[in-house]
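# Remarks on the overall topology
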Amino acid sequence: MQKAIKNCVLIFLLFFQICLIQIGKAQLNDSIPADFLFVKNSQIWINSENATGLHHFLHSHASTANISYNLSKGNFIDYYQSNNSRNWKVETESFNRLNEKIVFYGLINYQNFSGQNMGGSAFINPYETPFNFVEYADTNKGEKNKESYRLIGGLSYALTNKLFVGGKIDYNAVNYAKQKDLRHKNKLLDLSLSLGLSYTFKKLELGLNYFYHRNIEEITFRTFGNTDLHYMMLIDYGNFYGETEAYDTKGQGFIHGKSFKPLFTEIKGGTFQLSLLLGNHWNWFNELKLNTGNGYFGKEGTHSVLYTIHDVKEWNYQTILQKSTDKSLQNIKISGGNKKLNNYRNVINYVSIPGEIEDVMEIVKTRRLQRSYWHASLSYDGYFAIKQLQPKWHMNSQIKYYTNSQKTHLFPFYREQDINYYQIDASIERNITKNKKHWWLRLGSGYGEGFGTKNNDYQSGSTSSEAPRTTEFNLNRTYEYNTLPRLYGSALIKYGISSYASSLIYIELNYTYTKGFNSKYLKSAEFHEIKIKLGLEF
């Protein structure tokens, strides 16, 4: 705890020094500070996948730095989450126009998370993995800690007044560990790169960029306690359906403690952008993203084992209609997409050669999981009574829907699951400014509900094969978490003082409450989140 606070403070002091340098450079600017989020959302292109869109940033700079503390408690959680957690976060984000040709974007983020009573998955993001490690017993929950560092850098350069090139790098490193047997230690490296170009016609702008994503999560298991105890892990191929494996420090297997094994995924793709001016105040933006990838779990090599291999196909599309005037800004956004994943298990025969190291022979590749995830959303953002980049009113509403279909193959046994979920929410925010003092008040509420098939188990013909293993308690909880009717509300109050050189120092308090109804497996089905933030905008 003390180490986390020390890291947060040191990083924030570094960010604060950078802020002071930037403020010193900006002393000739207007005395009223700009709203950073408004500036960020006012130009559609600067948030696109294509870094060349940064040339649409029209100001000299816009930056923010903050430190926040988040406390969460409640039992309305998914099977792998904590009912009592805290998270420290330090972040700085900045847009800077260096000259007429170059615009730079940067973000630095550090987070330190600690959660109590955590079990379930041993992976960091279990919904993103092609299979899962799930604790077979519900009695070994303990504390988990996660520390993450993220760095994003983007650059746009004008070759001519119509042709632009750009690039972006997004680097994320995470350390994750459980502090109770059976312990696991994870190291995640997530790296995204993109290179793009765009060309501007009179009322039309076209963009194209290449995208590369590399994700490696290394995981090791170990014990510090009583070595006579046997710890079982469910190798979950989907829908908590799979095979069990006992932890062992020797030999081969998914979770043996001999060495780490990486879960590797590599994705390549491209994105196409089209923006069209419709009159003096209207802009229509479109973006289509197509990706394909593959990966594996294990190690490639003559004497190594690839336990599973997987492939991914994904597309996403968004269209945004924007109306902008001197006093208002409105965005209507429609987005949707689909991600398909197939995972295969390598059935392996181990062959020992006398006098030599153990050799490995792969026998056959068998399908284990088919997953298809669809999502769609419609949102509205409205900023009104804008004065010097400070809107008095901000209204937001959205409707989102997703469906996740999975089929697990363990021939001759099969399990299918379909989860559908929709959510409607809205919020309204008021900014009150008097002299150099600023107040923000925001209220939000929403409703969500899901439906579908928790599990449809069947087998192909009669067989004497042993049925797959499952953890019914996790199946019940996660299905209820994703489908239970729930209401939630939020309230935010923010106070800031503007000083010289367009800077704003503020403190923010945010509270969110979620209540699920008619719960059977989630105790009380309530969740509370309190967040306090101290920040600087300039």
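Residues numbered from 1 in each chain as written. Predicted model: local features only at pLDDT ≥ 70, side-chain atom pairs only at ≥ 80, totals over all residues. Heavy atoms only, no water.

Under the defined criterion, the tally for this structure stands at 29 aromatic pairs. Between Tyr79 and Tyr80 the ring centres are 5.3 Å apart and the planes differ by 75 degrees, which places this aromatic pair in the edge-to-face class. As far as burial versus exposure is concerned, Tyr79 and Tyr80 are alike and both buried. Centre to centre, the rings of Phe133 and Phe254 are 6.1 Å apart; their planes meet at 75 degrees, and the pair counts as edge-to-face. (Phe/Tyr/Trp six-rings, centres within 6.5 Å; stacked < 30°, edge-to-face > 60°. Buried < 20%, exposed > 50% of the residue type's maximum accessible area, 1.4 Å probe, protein only.)

Turning our attention to the pairing of strand β11 (residues 261-278). As judged from the 16 bridges shared by strand β8 (residues 204-222) and β11, these two strands associate in the antiparallel manner. Within the sheet, the bridge partner assigned to His213 lies in β11 and is Ile267. Where β11 and strand β12 (residues 282-298) come together, 16 bridges link them in antiparallel fashion. Bridge pairing in β12 places Leu278 opposite Trp282. Counting the residues that bridge the hairpin from β11 to β12 gives three residues, and of these Gly279 lies at a positive phi of roughly 85 degrees. (Pairing = 2+ DSSP bridges. Helix = DSSP H or I, 4+ residues; strand = E, 2+ residues; numbered from the N terminus.)

On to the side chain of Gln322, then. Along the chain, the position of Gln322 falls in strand β13 (residues 306-324). Separated by 3.1 Å, the side chain of Gln322 and the backbone oxygen of Ser42 make a polar contact. Gln322 has contacts with Asn41, Ser42, Ile44, His281, Trp282, Asn283, Leu329, Gln330 and Asn331, leaving out every residue within four places of it along the chain. (Polar contact = N/O pair within 3.5 Å; in protein donor to acceptor, adjacent residues only side chain to side chain. Contact = heavy atoms within 4.5 Å.)

Once that is clear, we can look at the sheet that holds strand β19 (residues 469-470). The strand order across the open sheet formed by four strands is β4-β9-β10-β19, and the pairing between neighbours is antiparallel. Here the strands that pair on one side only, and so sit at the sheet edges, are β4 (132-135) and β19. Where strand β10 (residues 241-246) meets β19, two bridges bridge the pair, whose relative direction is antiparallel. In the sheet register, Gly242 faces β19, and the bridge partner there is Arg469.

With that settled, consider helix α3 (residues 472-483). Between its terminal C-alpha atoms α3 stretches 16 Å, which fits the 16 Å expected from twelve residues at 1.5 Å a residue. Those residues of α3 not exposed but buried are Asn474, Leu475, Asn476, Thr478, Tyr479, Glu480, Asn482 and Thr483. Of the surrounding elements, those touching the buried residues of α3 are β4, β16 (390-410), β17 (413-434), β18 (437-459) and β20 (486-499). (Expected span 1.5 Å × (residues − 1).)

Here the idea is simple: oppositely charged side chains can pair when their charged atoms come close. Summed over the entire model, instances satisfying the criterion amount to 18 salt bridges. Across the pair Asp457 and Arg415 runs a salt bridge, and its minimum N-O distance is 2.8 Å. Taken as a pair, Asp457 in strand β18 and Arg415 in strand β17 lie far apart in primary sequence, 42 residues in all. Taking the relative accessible area as the measure of exposure, Asp457 reaches 35% and is therefore partly exposed. By sharing partners, the salt bridges in this structure join Asp138, Lys141 and Arg477 into a single network. (Salt bridge = Lys/Arg side-chain N within 4 Å of Asp/Glu carboxyl O.)

Note that soluble globular proteins tend to have their nonpolar side chains buried in a common cluster. Of all hydrophobic cores here, the largest spans 21 residues; its most connected members are Phe131, Phe133, Phe221, Phe254, Ile255 and Phe297. At the level of elements, β8 and β9 (232-236) are the ones that each hand at least two residues to this core. If sequence neighbours within four positions are ignored, Phe254 has contacts with Phe131, Phe133, Ile235, Tyr237, Glu243, Glu245, Lys261, Phe297, Tyr307, Thr308 and Arg345. With eleven residues, the next largest nonpolar core counts Phe36, Ile46, Phe95 and Ile152 among its residues. (Core = buried A, V, L, I, M, F, W, Y, C linked by side-chain atoms within 4.5 Å.)

What follows concerns unusual backbone geometry. Going from Asp181 to Leu182, the amide bond is cis rather than trans, its omega being -5 degrees. Relative to the helices and strands, Leu182 is located in the loop between β6 (163-178) and β7 (183-200). Residue Pro412 follows Phe411 across a cis peptide bond; omega there is 5 degrees. Checked against the element boundaries, Pro412 lands in the loop between β16 and β17. Even without being a glycine, Gln388 presents a positive backbone phi close to 50 degrees. Its place among the elements puts Gln388 in the loop between β15 (358-387) and β16. A residue is classified by how much of its surface remains accessible, and Gln388, at 41% relative accessible area, is partly exposed. Positive phi values are uncommon outside glycine, yet Leu389 reaches one of about 65 degrees. As for its placement among the helices and strands, Leu389 is situated in the loop between β15 and β16. The partly exposed category is assigned to Leu389, whose relative accessible area is 28%.

Per-chain confidence: the chain averages 89 in pLDDT, with 88% of residues scoring 70 or above. In the model, residues 20-31 has pLDDT below 50 throughout and makes 20 contacts with residues more than four positions away in sequence or in other chains. (pLDDT = per-residue confidence, 0-100.)

One can find Ser377 in strand β15. For Ser377, the contacting residues outside a window of four places in its chain are Lys333, Ile334, Ser335, Ile399 and Lys400.

Bridge analysis of β16 against β17 gives 18 bridges, and the strand direction is antiparallel. Along β17, the bridge assignment pairs Ile399 with Ile424. Hairpin connection, β16 to β17: the antiparallel pair is bridged by two residues. Bridge analysis of β17 against β18 gives 21 bridges, and the strand direction is antiparallel. Counted as the bridge partner of Gln423 is Gly448 from β18. Hairpin connection, β17 to β18: the antiparallel pair is bridged by two residues, and Asn435 has positive phi, about 55 degrees.

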